Amino acid sequence: MNSFVKFLNSSIGRKYVMAITGLSLTLFLLVHMAGNLTLYFGADAFNEYAHLIESNPLLPLAEAGLLALFVVHILFAVFLTTKNKSSRTDKYRSDLGMGAKSFASTTMWITGPLLLVFLLIHLWDFRISKEFVDPSEYDLAAMVIARLKSPFGFVIYSLSMAVLGLHMWHAFQSAFQSLGLAHPRYRGLIQLTGRGIAVLLVVGFGGIPCYLFFAG
Ligand code: HEM
């Protein structure tokens, strides 16, 4: 136990935690995005999909796990960033942004907090506020459409998806690097996969506010 706590307190241990929680959240995002695509098939298809998820008895457990992943990922990001700032040797390097520096790697410190702001707005919009809706009037698709069709909702959601893309552009390869899995032979493939996922998330998530605002 003691050695596990020691490991978590070490720089490498913190990077491991960041990497594992980050990769798990990436998986959640891909599944969440795929589910959201049902909106293109109409409000009924989306509500049916949402009902399938909401009626699963294991949902509270999954939500608790997801919350834990977000909280741990964010807390460890804060630990790592503040530790880097106070460490003289690492002063000019971002530990979150390993490998060659790029715009995406050097802006992780700002894209992360911006995504946290988005997440709080987003959870209020579609997860928390639904608790106050009369169950007989509950229509998740109508809530999503109304929010994303409004100018404010459109701007928040489309800009946040661009920020998500920037964060993910670097995050995937950084996680593999942290886990010691970025063998030079596979580095190009890992980078390409990470960037592919970033583009997929931007197009998949970001297409929805654009579609609803301009065409829907
Ligand atoms: C256009 C983009 C997005 C749309 C339209 C969207 C839509 C939704 C909707 C409708 C829900 C409620 C699901 C339900 O309660 O049945 C939800 C939940 C959630 N979304 Fe999103 N989402 C988007 C992007 C994102 C992004 C980028 C993130 C993470 C950075 C995210 C994280 C979450 C989380 C954590 C929940 C709560 C899951 C739960 O507790 O069941 N979403 N989203």
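Please read these numbers as outputs of a predicted model, since none were measured by experiment. (Residues numbered from 1 in each chain as written. Predicted model: local features only at pLDDT ≥ 70, side-chain atom pairs only at ≥ 80, totals over all residues.)

1. Notes on the overall build of the chain
For clarity, the cut-off: Only DSSP runs of H or I with at least four residues qualify as helices, and only runs of E with at least two residues qualify as strands; both kinds are numbered from the N terminus onward. Radius of gyration here is computed from C-alpha atoms only, and the compact-globule reference equals 2.2 Å multiplied by the residue count raised to the power 0.38. Once C-beta atoms have been placed from the backbone, residue pairs whose C-beta atoms lie within 7 Å are recorded as contacts.
Per the secondary structure count, the chain includes nine helices and zero strands. The helix and strand sequence of the chain, counted from the amino end, reads α-α-α-α-α-α-α-α-α. Here the chain has a C-alpha radius of gyration of 19 Å; the compact-globule value for 216 residues is 17 Å, and the two agree. Considering only C-alpha atoms, the chain reaches an extent of 60 × 40 × 30 Å along its principal axes. Of the contacts formed within the chain by residues at least 6 apart in sequence, a portion of 72% connects residues at least 24 apart.

2. What to know about the environment of glycine 22
Put simply, the test is: Any residue whose C-beta has 12 or fewer other C-beta atoms within 10 Å is treated as exposed, any with 20 or more as buried, and any in between as partly exposed, C-beta atoms being built from the backbone.
Mapped onto the elements, glycine 22 comes out in helix α2 (residues 11-36). When the 21 C-beta atoms within 10 Å are taken as the criterion, glycine 22 is described as buried. Separated by 50 residues in the primary sequence, glycine 22 and valine 72 have C-alpha atoms spaced 9.7 Å apart. Setting aside chain neighbours within four positions, we find glycine 22 in contact with His73, Ala171 and Ala175.

3. Quick look at the site of the ligand
What counts here: Only the C-beta atom, placed from the backbone, is used; a residue is near a molecule or strand if that atom lies within 6 Å of it. Here the nonpolar group is Ala, Val, Leu, Ile, Met, Phe, Trp, Tyr, Cys and Pro; Asp, Glu, Lys and Arg are the charged ones; every other residue, Gly included, is treated as polar.
Taken together, 21 residues lie around the ligand, and Ala50, Glu63, Phe126, Phe205 and Ile208 are the ones closest in. Contributing elements (two or more residues each) for the shell around the ligand: α2, α3 (43-54), α4 (59-86), α6 (108-128), α7 (140-149), α8 (151-178) and α9 (184-215). The leading source of residues in the shell around the ligand is α6, at six residues. Its residues assigned to classes, the shell around the ligand shows 15 nonpolar, three polar and three charged.

4. Section: α8
For clarity, the cut-off: Between the first and last residue of a helix there are one fewer steps than residues, each counted as 1.5 Å, and that sum is the expected span. Here the bend at a residue means the angle between the axes of two seven-residue stretches, the one that ends at it and the one that starts at it.
Relative to the 40 Å expected for 28 residues at 1.5 Å per residue, α8 spans 40 Å between its end C-alpha atoms, a close match to the ideal helical length. Maximal helix bending in α8 amounts to about 30 degrees, located at alanine 171. In the segment just after α8, glycine 180 is the residue with positive phi, at about 75 degrees.

5. Quick word on the nonpolar core
If you look at soluble globular proteins, the nonpolar side chains tend to sit buried side by side. Note the cut-off: Nonpolar cores are identified as sets of buried Ala, Val, Leu, Ile, Met, Phe, Trp, Tyr and Cys residues joined via C-beta atoms within 7 Å.
Among the nonpolar cores identified, the biggest contains 28 residues, and Met18, Leu164, Met168, Leu201, Val202 and Phe205 are the most heavily contacted of them. Taken together, the elements giving at least two residues each to this core come down to α2, α3, α4, α7, α8 and α9. With ten residues, α8 is the largest single contributor of residues to this core.

6. Topic: the environment of phenylalanine 76
Structurally, the position occupied by phenylalanine 76 is in helix α4. On the basis of neighbour counts, which here come to 21 C-beta atoms within 10 Å, the residue phenylalanine 76 falls in the buried class. Linking phenylalanine 76 and methionine 33, residues 43 residues apart in sequence, is a C-alpha distance of 25 Å. Non-local contacts of phenylalanine 76, meaning those with residues more than four positions away in its chain, are made with Arg14, Val17 and Met18.

7. Digging into α9
End to end, α9 covers 45 Å across 32 residues, agreeing with the expected 46 Å (1.5 Å per residue, within 8%). In α9, a bend of some 35 degrees at glycine 207 exceeds every other bend along the element, and proline 209, a proline, comes one to four places later. For α9, the complete set of buried residues consists of Gly194, Ala198, Leu201, Val202, Phe205, Ile208, Pro209 and Leu212. Close packing links the buried residues of α9 with α2, α7 and α8.

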